[in-house]
Amino acid sequence: MSKYKEKTDEELMRLLVKGDESAFNEIYFRYSKRILLFMYKMLRQDEARAQDFTQDVFLKVVEKAEQFDVSKNFKTWVFTLAANHCKNHFRSGAGDVRSEVHSGSIFTYNQGEKSLDKQWKKEALLQAILELDSPYRETFVLRYQENLRIKEIAKMQNVPEGTIKSRVHKAVSILSTKMRVYRTIEQ
């Protein structure tokens, strides 16, 4: 598989279309953890569903390999598949149940007070991200946690770049307001 590490994602997709299983394995190796984490965040920490959806996305990669335009960016395409899968799930009404952050996990007796505060803030931020409305949550996660460019996100969501900038600004503003209490605790 080492000969595949040097290939671009787009070259791997060309090989996948020709039936090269090792090309798929390399794509899966490169993206499976990132897609799983994206799904986990988008599906409000439902780990089992995130794993199922991740497998669904990679099935679509295989099924739709011939539809992929190799002159385009693969990363944008695969995250579009993932985002659309989540959107369809929520549109169907199946995604109405919110999972809660397991707050008991932050209370470990081995941690010092500062470490506990840091973990608490981290979980509070994660919960605040989960509470964002879908377009803001998706845009925020893609921009700041998947490090996609504004232009890539705009293509994925099929909206103008200005809309993405607005969503990012709104998401950051909402999160900043929700996390303000932690700034006052620190002082």
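Structure first, text after, so check above.
Below, the structure is looked at part by part. Sequence order as written defines residue numbering, which begins from 1 separately in each chain. Thresholds applied to this predicted model are a pLDDT of at least 70 for local features of residues and 80 or more for the giving and counting of side-chain atom pairs; totals over whole chains, interfaces and linings are not thresholded and use all residues. Note that water and hydrogens are dropped before the side-chain values are worked out from all heavy atoms of the structure.

Some details on helix α3 (residues 21-42)
Condition: Going along the chain from the N terminus, every DSSP run of H or I of four or more residues is numbered as a helix, and every run of E of two or more is numbered as a strand. Each residue after the first adds 1.5 Å to the expected span of a helix. The angle between axes fitted to the seven-residue stretch ending at a residue and the seven-residue stretch beginning at it gives the bend at that residue. Buried residues are those whose accessible area, probed at 1.4 Å on protein chains only, stays under 20% of the maximum for their type, while exposed residues exceed 50% and partly exposed ones sit between those limits. In protein, a polar contact means a hydrogen-donor-capable atom and an acceptor-capable atom, both N or O and within 3.5 Å, with residues adjacent in sequence counting only if both atoms are side-chain atoms; elsewhere, any N or O pair within 3.5 Å suffices.
A rise of 1.5 Å per residue sets the reference length of α3, with its 22 residues, at 32 Å; its end C-alpha atoms lie 29 Å apart and thus fit the reference within 8%. Largest kink in α3: about 45°, centred on Tyr31. All of the buried residues along α3 are Ala23, Phe24, Glu26, Ile27, Tyr31, Ser32, Ile35, Phe38, Met39, Lys41 and Met42. N-capping of α3 is provided by Asp20, with a side-chain oxygen placed 3.0 Å from the backbone N of Ser22. Phi turns positive one or two residues past the end of α3, at Arg44, with a value near 55°.

Describing the environment of Arg149
As for its position among the elements, Arg149 is in the loop between α7 (134-145) and α8 (150-157). Expressed as a C-alpha distance, the spacing of Arg149 and Glu161, which sit 12 residues apart in the sequence, is 9.9 Å.

Notes on α8
Owing to its 3.6 residues per turn, the α-helix brings residues three or four apart onto one side. Of all 8 residues in α8, 6 are buried, a share of seventy percent or more. Of all the positions in α8, only Ile150, Glu152, Ile153, Ala154, Met156 and Gln157 are classed as buried. Phi turns positive, to about 55°, at Asn158, one or two residues after α8.

Examining the packing of aromatic side chains
Quick reminder of the rule: Any two of the Phe, Tyr and Trp rings considered here, Trp counted by its six-membered ring, make a pair once their centres fall within 6.5 Å; the pair's planes then place it as stacked at under 30 degrees, edge-to-face at over 60, or tilted in between.
With the rule as written, the count across this model stands at 9 aromatic pairs. Between the aromatic rings of Phe38 and Phe79, the centroid separation amounts to 5.5 Å while the plane-to-plane angle is 90°, which identifies the pairing as edge-to-face. Highlighted residues: Phe38 in helix α3 and Phe79 in helix α5 (residues 74-91), separated in sequence by 41 residues. Of the two residues, Phe38 and Phe79, neither departs from the other in class, the shared state being buried. On the numbers, 5.2 Å between centres and 50° between planes, the contact of Phe140 with Tyr144 is tilted. Separated by 4 residues within a single helix, Phe140 and Tyr144 lie in helix α7, roughly one turn from each other.

The quantities given are spatial measurements derived from coordinates; they are silent on function.
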